[in-house]
Structure formats: structure tokens, C-alpha cells
Amino acid sequence: MERWAALELASTIRHDGEGGVTDDLATVQGLEDWIARHRTLLDDHVPAYGGTVDEDLRLRVVEVRRAVRALFARAVSPARPSPPDAHRLMPVDRAVAHLNATAALVPVVPRLDWPPEGPPVTRLSATRDDPHPVLLAALARAAVDFLGGPQRDRLRACTAPRCVRYFVKGHGRQEWCKPACGNRARAARHYDRHHRSRTTPPEIPTADACP
């Protein structure tokens, strides 16, 4: 299953399993854990991250996420966006400017690696060593690549009850981000239909009007 760094970043706001919403980046430790879990996913955008994670970096990553989620909301329009922050999204023009400026923090150049065995590989190499700007620029470039690619047109906000995730539609009939959400949505629809049929009073027939 294909994964995208930008989508994973947006998904750090998620359902907590108890009817609420949690933020995986609410703490410095949360960001550090997220970077560690997604190290291989970030390989195409950033060298192995060796810097320290502090509150300043956390706040700056969260600001990149705000821009990403604002542009995800635009991408799925006119369908409704993911609900947690839909009422306080960053303006679209500001989100675009922020992503572009952050992506430009650290220029990158192509680098050719050709091992003794196997084919050559081209990688992007950062022109600066400061780990914080390198990481931020990489996340922004990942978002630019995602939003400028064909997957943008397949981006959806999951409509299952309590789900707050975005997902990339994999086939024509996909409505939800994962099977569990589909099961929950179908159960909710069944409950609504059954509940309405039990609570809607029967129509009282009326006598025909006299001529």
C-alpha cells in the first residue's frame, strides 16, 4: 500500500478511539516518536534525521501541518473537509506561501550513488547540515509533491462516524479510509433507518373531500 509523507503528517490529528480527537504532535516526545516511525518514508526527502527535537521544531512542524490540512480541505472541496479543524483552517493563500517558503529553507541537489553491485541510484542531497531546517523543508517538499501530483484528485476526507482522516481513493467505489470505517458507517446508516422507522408516526388517512 502506497504511503505519502504529507498524508501521514496530516493524519497526526486522528480519532482517539473513545469518541474524541488526539494530536500525535502535541508534545516534543510525540514528534520525536513520529519522526522515528516514519524515517523510511522520509528517506526520499531528507537524510537520516540526527538532530534534537525541541519545542521550537515541534511548533514549526505543526505549522507545516496546518498548511497541509488547509490545502487538503481545498483539494476535497466541494465535499466537506476533515472536521477537527475545518472551522479554523489557515487561509489558502497563506498556506501555499508557507509551504513554498518552508520548502525553500534548504535547497537540494541531485546526488548519484552507484554501488559496486547493482544499478545507480539518484537521491536528493541537502545543501545545508542544520537538521531542523532540513526536516522542515523536506516535509514541505513532500506536501508540494503530493499536492502537485495525480493523487491530489483522489484525496478524500473519510465520512465514517468519528473518523477524521484524509485518504487517497484507491478504487472507484471506495468511500472510507479503511474497512473498519466502512463497517461503522454502514452500521450507523442501518441504525438511522431503523430508528426513523420506529419513531416516525404513521400517517393518518383523511376522508375524501365532499364535492
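In this text, all values refer to a predicted model and were calculated from it rather than measured experimentally.

Side note on the nonpolar core
Then step 1. Judged by nonpolar contacts, the single largest core of 40 residues is most densely connected at Phe72 and Leu99.
Then step 2. Those elements that provide at least two residues to this core are α1 (5–10), α2 (28–37), α3 (55–76), α4 (92–103), α5 (131–147), β5 (155–157) and β6 (166–168).
Then step 3. Ranked by the residues each element gives to this core, the list is headed by α3, at eleven residues.

Re the side chain of Ser82
Then step 1. Relative to the helices and strands, Ser82 is located in the loop between α3 and α4.
Then step 2. Residue Ser82 is classed as buried on the basis of its relative accessible area, which comes to 1%.
Then step 3. Polar side-chain contacts of Ser82 include one of 3.1 Å to the side chain of Arg69.
Then step 4. At a separation of 2.5 Å, a polar atom in the side chain of Ser82 contacts the main-chain carbonyl oxygen of Val164.

Quick notes on the packing of aromatic side chains
Then step 1. Applying the stated criterion across every chain, the model contains three aromatic pairs.
Then step 2. The interplanar angle of 40 degrees and the centroid separation of 5.2 Å between the aromatic rings of Phe72 and Phe146 together place this pair among those described as tilted. You can see Phe72 sitting in helix α3 and its partner Phe146 sitting in helix α5, a full 74 residues away along the chain.
Then step 3. Here Phe72 falls in the buried class, since its relative accessible area comes to 0%.
Then step 4. Note on Phe146: relative accessible area 1%, which makes it buried.
Then step 5. Taken together, the aromatic side chains of Trp4, Phe72, Phe146 and Tyr166 make up a single cluster linked through ring pairs.

Description of the environment of Val134
Then step 1. Looking at the element boundaries, Val134 is found in helix α5.
Then step 2. Considered as a pair, Val134 and Ala104 are 30 residues apart in the sequence and their alpha carbons are 9.8 Å apart.

Rules of the game
Residues numbered from 1 in each chain as written. Predicted model: local features only at pLDDT ≥ 70, side-chain atom pairs only at ≥ 80, totals over all residues. Heavy atoms only, no water. Core = buried A, V, L, I, M, F, W, Y, C linked by side-chain atoms within 4.5 Å. Buried < 20%, exposed > 50% of the residue type's maximum accessible area, 1.4 Å probe, protein only. Helix = DSSP H or I, 4+ residues; strand = E, 2+ residues; numbered from the N terminus. Polar contact = N/O pair within 3.5 Å; in protein donor to acceptor, adjacent residues only side chain to side chain. Phe/Tyr/Trp six-rings, centres within 6.5 Å; stacked < 30°, edge-to-face > 60°.

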